Structures are given as C-alpha cells and as structure tokens.
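Here's the letter readout for the chains.
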Amino acid sequence: MSQVNESVPQEFILLGFSDRPWLELPLFVVFLVSYILTIFGNLAIILVSHLDPKLHTPMYFFLSNLSLLDLCYTTSMVPQMLVNIYNTRKVISYGGCVAQLFIFLALGSTECLLLAVMSFDRFVAICRPLHYSVIMHQRLCLQLAAASWLSGFGNSVLQSTWTLQMPLCGREVDHFFCEVPALLKLSCVDTTANEAELFFISVLFLLIPVILILISYAFIVQAVLRIQSADGQRKAFSTCGSHLIMVSLFYGTAISMYLQPPSPASKDRGKMVSLFCGIIAPMLNPLIYTETKT
C-alpha cells in the first residue's frame, strides 16, 4: 500500500521560479494582464465572426476555432499559476495535474494541425481563387476542423496515459504547470523509451505540419508574384501575414520546447519558452489578426 502511495502522490508542488521570489510580483501582474487580454480578445473574435454575416468564411471559421482553442489553452494553466504565485504553498492536486496535462497536450497538438489547415485555406484562396468556394465548402471545413481536434485529443490520451503509468519518486515539478517533460523527471525508472516516444510524436505534430505550411507558402509566394497590380500583391500578402506571424511564434517556441535535447543550462529557458507559448502567444493572436486585417 505504501508503494502505491509513493508512486501516486496526492498533490504536486509546482516550483516555477520559487527560487527567485523577487520575480513573483512581476510575473503575477504579467500573467493576470495577459489572461484578461486573452479572454476578451479571443471572445471578441468568436462573437464578431459569428454575428457578422460578411465573416462567415472558411478563414474566420478556422480563426474562431483557433480563438476557442487559445481560450481553453490559457484557462487550463493561468488561474492555477496565479493562485500558486499568490500563495506560499504552490501545490496542485493529483487530479488537477492530470487534467492540466491532458488539456495542455490536447490543445497544443490541435493547434499544430489547425495552423496547417489554415495555411491550406490560404493556399486555396490565393492559388485557386476561382475554385475557392467549391473546394473550401462548409462540409470540408467542418471535417478539417474536426480532424484537427480529434487528432489532438487522441494524441493527448496516448501521451497522458504513457506518462501517468510511470512510477513517480517525487512530487516537486520543476515548472509552472504539469507537462510531460517535467513529469518524466520525477520517474523512478528509466524514461528513455518515453522520451523517444515524445520526440517521435513531436516530430509528427510539429515538423510535418511545418513542412506542409512551407510548401503551401512556396506556392502562395509564386502566385502572388504573378499578380500584376501592386495593390493586389499587398492585399494577398496581408491576408497571409497574420497567419505567418502566428505560425512563427507557435512553432518556433514549440520546437525549442520539445525537439531540443535537455540540458541543465536550458532549464529556465524552457520555462520561459513554455510561458510564451502558453500565455503570450494566445494573447497576441487577436492583436495580430485584427491589426493585419485593418
């Protein structure tokens, strides 16, 4: 019985930057302001896209999905982080950690695929404008969105299950929230197989979509350069600019989190990259899209 209790803690301690208490107040303010802006900005995109008939297009349908995803993504992390920064006991229950792990993995994986789907939408819009409404019909848009969400949640079920089956010999998570690499460090057994599996899945969900996006934009650039008018080129680049910025922010931070070999020197850098990917990027999403559309 004692062995079970040791391998399944009742709660975890989220260390974060607890070794640097002078950072807590600035981080609390940054997290709170970012979370408020994320909530209002992404809710505004969802409501405007739904209420304005002119925005009932595939691009804004996928953008609404992205905004909903970002809302859930930050809500799975930030409230708990604010509570822990405010309190002296920086803990999360085992059930809360499991839920956070599952949601973080599911939504992160879904966003990887959704951004690739959005690049395909831009490819069809610019390279096949006369056939756009025929190709990107409502049923296909629903299928692409559903496939992204289902694949993301399916990946999360697998990775969460494999991670949580590992026997744990500690309860101090050296991070702000529960994620796979941080939990693997608590394992009592060799995690080489789990780390290899995590790397393989990260390649599938990160590098393959990136390759597809690069291919899409190679064709998009060729199509735009063939446009005769400067105004037409500017408009075409404008419709893709916001998506390219979000792709660079998301994939750049995610690749640095999951595809770089771990090292003691990169521990704090990994925390900051995770915070940027999970908090700052969702906040910037509405700002980037509304700015590039004006």
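About the cut-offs
Residues numbered from 1 in each chain as written. Predicted model: local features only at pLDDT ≥ 70, side-chain atom pairs only at ≥ 80, totals over all residues. Heavy atoms only, no water. Phe/Tyr/Trp six-rings, centres within 6.5 Å; stacked < 30°, edge-to-face > 60°. Helix = DSSP H or I, 4+ residues; strand = E, 2+ residues; numbered from the N terminus. Axes fitted to C-alpha atoms, helices over the stretch in contact; angles between N-to-C directions. Parallel < 35°, antiparallel > 145°, perpendicular 65-115°, else oblique. Left-handed = near helix turned anticlockwise from the far one by under 90°. Contact = heavy atoms within 4.5 Å. Nonpolar A, V, L, I, M, F, W, Y, C, P; charged D, E, K, R; others polar. Salt bridge = Lys/Arg side-chain N within 4 Å of Asp/Glu carboxyl O. Buried < 20%, exposed > 50% of the residue type's maximum accessible area, 1.4 Å probe, protein only. Pairing = 2+ DSSP bridges.

Visitor: Would you take a moment to explain the packing of aromatic side chains for this structure?
Guide: One pass over the full model with this rule turns up 10 aromatic pairs. Plain terms: the ring middles of W149 and F153 are 6.3 Å apart, the flat faces sit at 25 degrees to each other, and that makes the pair stacked. Of this pair, W149 and F153 both sit in helix α7 (residues 138–164), four residues apart, roughly one helical turn. Taken together, Y73, F104 and F177 form an aromatic cluster joined through their ring pairs.

Visitor: Hey, could you run me through the packing of helix α3 (residues 58–75) against helix α5 (residues 94–127) in this one?
Guide: Axis angle and axis distance: for two packed helices, these are the angle between their axes and the distance between the axes, and together they describe the pair. For the pair α3 and α5, interaxial distance at closest approach is 10 Å and the crossing angle is 165 degrees. Of the possible angle classes, the one that applies to α3 and α5 is roughly antiparallel. Where α3 crosses over α5, the handedness of that crossing is left-handed. Across the interface between the two elements, P58, M59, F62, L63, N65, L66, L69, D70, C72 and Y73 from α3 touch I103, F104, L107, G108, T110, E111, L114, L115, V117, M118, D121 and R122 from α5. Class assignment of the residues belonging to the contact of α3 with α5 gives a composition of 15 nonpolar, three polar and four charged.

Visitor: Sorry if this is basic, but what is going on with the pattern of salt bridges here?
Guide: As a working rule, side chains carrying opposite charge can pair if their charged atoms are close by. Applying the stated criterion across every chain, the model contains three salt bridges. Close ionic contact of E11 with R89 constitutes a salt bridge, the shortest N to O distance being 2.7 Å. You can see E11 sitting in strand β1 (residues 11–14) and its partner R89 sitting in the loop between α4 (78–86) and β2 (91–93), a full 78 residues away along the chain. With a closest N to O distance of 3.5 Å, R171 and E11 form a salt bridge. Here R171, found in the loop between α7 and β3 (172–173), pairs with E11, found in strand β1; they are 160 residues apart in sequence, far enough to count as distant. Overall, the relative accessible area of 38% leaves R171 in the partly exposed class. One salt-bridge network, in which partners are shared between bridges, spans E11, R89 and R171.

Visitor: Is there a simple way to explain the pairing of β1 in this structure?
Guide: Consecutive side chains of a regular strand alternate in pointing toward one face of the sheet and then the other. Only one face of β1 is buried, namely the one carrying F12 and L14, since none of E11 and I13 on the opposite face is buried. In the sheet, β1 pairs with β2 via three bridges, with the strands oriented antiparallel. Each bridged residue has a counterpart across the sheet, and for I13 the counterpart in β2 is V91. Sheet analysis places β1 next to β3, joined by two bridges and oriented parallel.

Interpretation note: all reported values are geometric properties and have no functional meaning in isolation.
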